[in-house]
Amino acid sequence: GKINPGNNWNIPKGLRLALCCFFLGSAYKMQTEPDEIYSFLAHICYKKDNHTNLEKIVSSFIVELDKAIRGKSSSTKEQQALKWLEEAYEELVKTAALPPLDELVDELKNELRSAIPKVINANTPDKEPNYNSGMNILIGGNRLGRGVTIEGLMVTYYGRDAKQKMMDTVHQHARMYGYRQQLKDVTRLF
């Protein structure tokens, strides 16, 4: 469905949970490996306008979440943000030996501002994503679909479904993960 870029506190539940899992998983991993690359992939439709729209939505959500966990928003937003992070924590603790949630939230206060979404599509001059150490959020469609391995990929959010499912396409998409034993406990697919 369509999301209004002007009100991104209320983003779709699946996208919100995917992002919160990524933020907490990254915060957890950065406690021991602060200079590594951790990536989130939003693989949506082929339309470039949708990539730009989602980039704005995710950027706005990050800003609002950052304000909320720092106590720079209303107490209602702060409580809501902590509830969302708690839901992600409950998801991740199924497979990862996480420290207490408040420790991860404290780490997020230091790291969340560096999570800047990047669009990777036919308009992007680089064929491969440029990564920063820490959190990387990649948004795109066909360019990210085949023949590319995303470094440090932890969470993938698919916002599309193939009209005709082809096994070779599924295998190509699976290549995005590569082999990352150290991230297996926090890897999620939405």
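Residues numbered from 1 in each chain as written. Predicted model: local features only at pLDDT ≥ 70, side-chain atom pairs only at ≥ 80, totals over all residues. Heavy atoms only, no water.

Now for helix α1 (residues 13–30). Spanning 18 residues, α1 covers 25 Å between terminal C-alpha atoms, matching the ideal 26 Å at 1.5 Å per step. The buried fraction of α1 is high, at 15 of 18 residues. (Helix = DSSP H or I, 4+ residues; strand = E, 2+ residues; numbered from the N terminus. Expected span 1.5 Å × (residues − 1). Buried < 20%, exposed > 50% of the residue type's maximum accessible area, 1.4 Å probe, protein only.)

Bringing the pattern of salt bridges into the picture now. One pass over the full model with this rule turns up nine salt bridges. The salt bridge involving E64 is made with K77; its shortest N-O contact spans 3.2 Å. Remark: K77 occurs in helix α3 (residues 75–92) and E64 occurs in helix α2 (residues 48–69); sequence separation between them is 13 residues. Exposure remark for E64: the relative accessible area of 17% places this residue in the buried category. We classify K77 as partly exposed; its relative accessible area is 26%. A salt bridge links R188 to E91; the shortest N-O distance between them is 2.7 Å. (Salt bridge = Lys/Arg side-chain N within 4 Å of Asp/Glu carboxyl O.)

On to the nonpolar core, then. Soluble globular proteins tend to pack their nonpolar side chains together in the buried interior. Core analysis: the biggest nonpolar cluster contains 46 residues, and L19, F22, F23, L24, F40, L108 and I137 have the highest contact counts within it. Where this core is concerned, the elements lending two or more residues are α1, β1 (37–43), α2, α3, α4 (101–111), β3 (134–140) and β4 (153–158). Per element, the largest residue contribution to this core is eleven residues, and it comes from α1. Filtering out sequence-adjacent residues up to four positions away, L108 remains in contact with F23, L24, A27, I69, L85 and M135. One finds I120, L138, I150 and L153 within the second-largest nonpolar core, a separate group that totals eight residues. (Core = buried A, V, L, I, M, F, W, Y, C linked by side-chain atoms within 4.5 Å. Contact = heavy atoms within 4.5 Å.)

Let us now look at α4. Residues of α4 that are buried: L101, L104, V105, E107 and L108. Projected down its long axis, α4 shows its buried positions confined to an angular sector of 160°, all on one face. Exposed positions of α4 whose direction lies more than 90 degrees from the buried face are D102 and N110. (Arc of directions from axis to C-beta.)

Bringing the packing of α1 against α4 into the picture now. Packing of α1 against α4 leaves a shortest axis separation of 9 Å and a crossing angle of 90°. Judged by the inter-axis angle, α1 sits roughly perpendicular to α4. Taken together, the residues of α4 that come into contact with α1 (itself represented by F23, L24, A27, Y28 and M30) are L101, L104, E107, L108 and E111. When grouped by side-chain class, the residues that make up the contact of α1 with α4 number eight nonpolar, no polar and two charged. (Axes fitted to C-alpha atoms, helices over the stretch in contact; angles between N-to-C directions. Parallel < 35°, antiparallel > 145°, perpendicular 65-115°, else oblique. Nonpolar A, V, L, I, M, F, W, Y, C, P; charged D, E, K, R; others polar.)

Inspection of the secondary structure puts E107 in helix α4. Despite its burial, E107 pairs with no opposite charge; the closest candidate is R70, at 11 Å N-O. Beyond its immediate stretch of four places on either side in the chain, E107 contacts A27, M30 and Q31. (Lys, Arg positive; Asp, Glu negative; His and termini not counted.)

According to the stated counting rule, one finds three aromatic pairs in the structure shown. An angle of 40° between the planes, with centres 6.0 Å apart, marks the rings of F61 and W84 as tilted. Here F61, found in helix α2, pairs with W84, found in helix α3; they are 23 residues apart in sequence, far enough to count as distant. Judged by relative accessible area, W84 falls into the buried class, the value being 5%. (Phe/Tyr/Trp six-rings, centres within 6.5 Å; stacked < 30°, edge-to-face > 60°.)

As a general feature of sheets, a regular strand has side chains that alternate between the two faces. Along β1, seven of the seven residues are buried, which leaves the element largely enclosed by surrounding structure. Neither face of β1 is exposed, since I37, S39, L41 and H43 on one face and Y38, F40 and A42 on the opposite face are all buried. Taken together, the seven bridges between β1 and β3 define a ladder with parallel strand orientation. Pairing of I37 across the sheet is with G134, part of β3. (Pairing = 2+ DSSP bridges.)

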